[in-house]
Amino acid sequence: LKRAARLAPAPCRWNSGLPMNIGVLFVPQQEAWVVERMGKFHRILEPGLNFLIPLLDRIRYVQSLKEIVINVPEQSAVTLDNVTLQIDGVLYLRVMDPYKASYGVEDPEYAVTQLAQTTMRSELGKLSLDRVFRERESLNASIVDAINQASDCWGIRCLRYEIKDIHVPPRVKESMQMQVEAERRKRATVLESEGTRESAINVAEGQKQAQILASEAEKAEQINKAAGEANAMLVKARAKAEAIQLLAAALAQQHGNAAASLSVAEQYVNAFSKIAKDSNTVLLPANTGDVTNMVAQALGIYTTLTKPQAVKTQDEMPRTHENSQSPATEVLKAEQGSSS
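Each residue is numbered by its place in its chain's sequence as written, counting from 1. Thresholds applied to this predicted model are a pLDDT of at least 70 for local features of residues and 80 or more for the giving and counting of side-chain atom pairs; totals over whole chains, interfaces and linings are not thresholded and use all residues. Calculated side-chain values reflect all of the structure's heavy atoms, with hydrogen atoms and water omitted.

Asks: Can you walk me through the pairing of strand β3 (residues 40-45) in this structure?
Replies: Note on pairing: DSSP must find at least two bridges between two strands before they are called paired. Helix and strand definitions follow DSSP, with helices as H or I runs of at least four residues and strands as E runs of at least two, each counted in order from the N terminus. Relative to β3, strand β2 (residues 31-37) runs antiparallel, the two sharing five bridges. Along β3, the bridge assignment pairs W33 with L45. Counted along the chain from β2 to the antiparallel partner β3, the turn is two residues long, and its residue M38 has a positive phi close to 55 degrees.

Below is the structure:
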């Protein structure tokens, strides 16, 4: 039965049936009717109104000029790395020459289907399993080129071929799944390590910037502090210089030495009065009760320091008070009276 079905008239596959010759015929659009006169090819009827001679002319083939879709059955194919695949596809073709399609091959659909299957098995044998999934477009293009080279004499042109499904053996599928999971884990580990590295770099950059800013702040603080201390020292020095100038001016006036002697004696006495306030242990000289002697010592120190300028002043000033008693002696006597 299969052999009989395969040897049946080819036109019955792509059309609804053969029309009868009644003399006047109307050919539909996108169809080509092949007419035989007395068993020999006569002509191909174009779409529209056509006239034939009954009994002599016979419509032998009706070819559809539309694009035809053929489902390629599932088949087994072995890849380059010896993996058996179950693969099927869809074939798109069109009749370009109705004469060749009618007389060049007995069953165009069957011929093209078998050619597509054999070409697909041949092309899959050239590729490994991984390349089969990556190069499906190139595989489809190779199958189309191989079919067009063989079907040119049949008047049929293959427009495109598409692989529908690729079924992998269960064990190979499990291995591929494990490979995919391992690749995913690898990517996750790499991304995590890159994130950790970026985080460490960001933290280090932040610490570096913080240290730089802290050092700059400390530097600015030290500069400001040094500038402040320098300004304070300058102000103190200027104040001290002004004070010394005022003191020198005061000493240069009349009775200035007497006033300086009195100030030194007062400071000496005040210093002794504050000795016991800071500590319980006090070291005193042997002649602590002799205030006159202490004041005389202080005045002696002051006189020693101011002697060169005093000599210069006496040389310049007239000797009018040689026999008079000095103001410093009067101040000592006044201090002794008050102390006694």
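Asks: Before we go on, may I ask you to explain the pattern of salt bridges in this structure?
Replies: Oppositely charged side chains can pair when the atoms bearing their charge come close. For this document, the term salt bridge refers to a Lys or Arg side-chain nitrogen within 4 Å of an Asp or Glu carboxyl oxygen. For the structure shown, the criterion picks out six salt bridges. With its nearest N and O atoms 3.7 Å apart, the salt bridge here joins E183 to R187. Here the residue E183 and the residue R187 both occupy positions in helix α7 (residues 170-252), the gap between them amounting to four residues, near one helical turn. Between buried and exposed lies partly exposed: a residue is buried under 20% and exposed over 50% of the maximum accessible area for its type, with that area taken using a 1.4 Å probe on protein chains only. A relative accessible area of 35% places E183 in the partly exposed class. With its nearest N and O atoms 3.8 Å apart, the salt bridge here joins E198 to R197.

Asks: Is there a simple way to think about the pairing of strand β7 (residues 84-95) in this case?
Replies: Where a strand is regular, its side chains alternate between the two sheet faces. In this structure, strand β6 (residues 67-78) lies alongside β7, joined through ten bridges in antiparallel fashion. Within β7, the position partnered with V69 by the bridge is Y92. Counted between consecutive antiparallel strands, the loop separating β6 from β7 contains five residues, among which N82 sits at a positive phi close to 60 degrees. The pairing of β7 with strand β8 (residues 156-167) spans ten bridges and is antiparallel. Within β8, the position partnered with Q86 by the bridge is H167.

Asks: Explain a nonpolar patch on the surface to me, please; I cannot follow it from the model alone.
Replies: Here the term patch refers to residues with relative accessible area over 30% and no salt bridge, with like charges joined within 9 Å and nonpolar side chains (Val, Leu, Ile, Met, Phe, Trp, Tyr) within 5 Å. Reported accessibility uses the Shrake-Rupley method at a 1.4 Å probe radius. Residues are deemed covered only where the shown protein chains occlude them. A contiguous nonpolar surface patch, about 440 Å² in accessible area, is contributed by V24, F26, L49 and F51. If you list the elements that add at least two residues to the nonpolar patch, you get β1 (24-27) and β4 (48-51). Inspection of the secondary structure puts V24 in strand β1. Residue V24 is classed as partly exposed on the basis of its relative accessible area of 36%.

Asks: Would you take a moment to explain unusual backbone geometry for this structure?
Replies: Leaving glycine aside, a negative phi is the common case for residues, and trans is the common case for peptide bonds. Even without a glycine there, the phi angle at Q30 is positive, about 65 degrees. Structurally, Q30 is set in the loop between β1 and β2. According to the relative accessible area criterion, Q30 is partly exposed, its value standing at 33%.

Asks: Is there a simple way to explain the packing of aromatic side chains in this structure?
Replies: Each aromatic ring pair is characterised by the separation of its centres together with the angle its planes make. Stacked, edge-to-face and tilted are the three classes for Phe, Tyr and Trp ring pairs, Trp counted by its six-membered ring, which pair at centre distances within 6.5 Å; planes under 30 degrees apart are stacked, over 60 edge-to-face, the rest tilted. In the structure shown here, the tally under the stated rule is four aromatic pairs. Taking the centre distance of 5.1 Å and the plane angle of 45 degrees together, the rings of Y99 and Y103 count as tilted. Of this pair, Y99 and Y103 both sit in helix α3 (residues 98-103), four residues apart, roughly one helical turn. The exposure class assigned to Y103 is partly exposed, which follows from its relative accessible area of 34%. Each member of the aromatic cluster is reached from another via a ring pair, and the members are F41, Y61, Y99 and Y103. R60 extends its terminal NZ or CZ atom over the ring of Y61, reaching a point 4.8 Å from the ring centre. In this scheme, the term charge over a ring applies when either NZ of a lysine or CZ of an arginine sits within 6 Å of the ring centre and within 35 degrees of the ring normal. Seen from the ring of Y92, R160 lies directly overhead, with NZ or CZ sitting 4.3 Å from the centre.

Asks: Even after reading the chapter, I still don't get the environment of E31, so can you show me in this structure?
Replies: Counting through the fold element by element, E31 comes out in strand β2. With 32 residues separating them in the primary sequence, E31 and Q63 have C-alpha atoms 5.8 Å apart. Other than its neighbours up to four places away in sequence, E31 contacts L45, P47, V62, Q63 and L65. By the criterion applied in these results, polar contacts are pairs of N or O atoms within 3.5 Å in which, for protein atoms, one can donate a hydrogen and the other can accept it, and in which residues neighboring in sequence qualify only through two side-chain atoms. Within the structure, the side chain of E31 is placed 3.1 Å from the side chain of W33, a separation counted as a polar contact. Residue contacts are counted whenever heavy atoms from the two residues lie within 4.5 Å of one another.

Asks: Even after reading the chapter, I still don't get the sheet that holds β8, so can you show me in this structure?
Replies: Within a beta sheet, neighbouring strands are joined by backbone hydrogen bonds and run either parallel or antiparallel to one another. The strand order β6-β7-β8 describes an open sheet built from three strands, whose pairing is antiparallel. In this open sheet, the two edge strands, each paired with only one partner strand, are β6 and β8. Recorded for the sheet is a direction-independent mean angle of 20 degrees between the axes of neighbouring strands. Taken strand by strand, helix α4 (residues 108-124) contacts β6, β7 and β8, and its axis lies near 40 degrees from that of β6. Helix α6 (residues 136-151) rests against β7 and β8 of the sheet, and its axis sits at about 140 degrees to β8. Only the stretch in contact is used when fitting a helix axis, every axis being a line fitted to C-alpha atoms; angles between N-to-C directions are given from 0 to 180 degrees.

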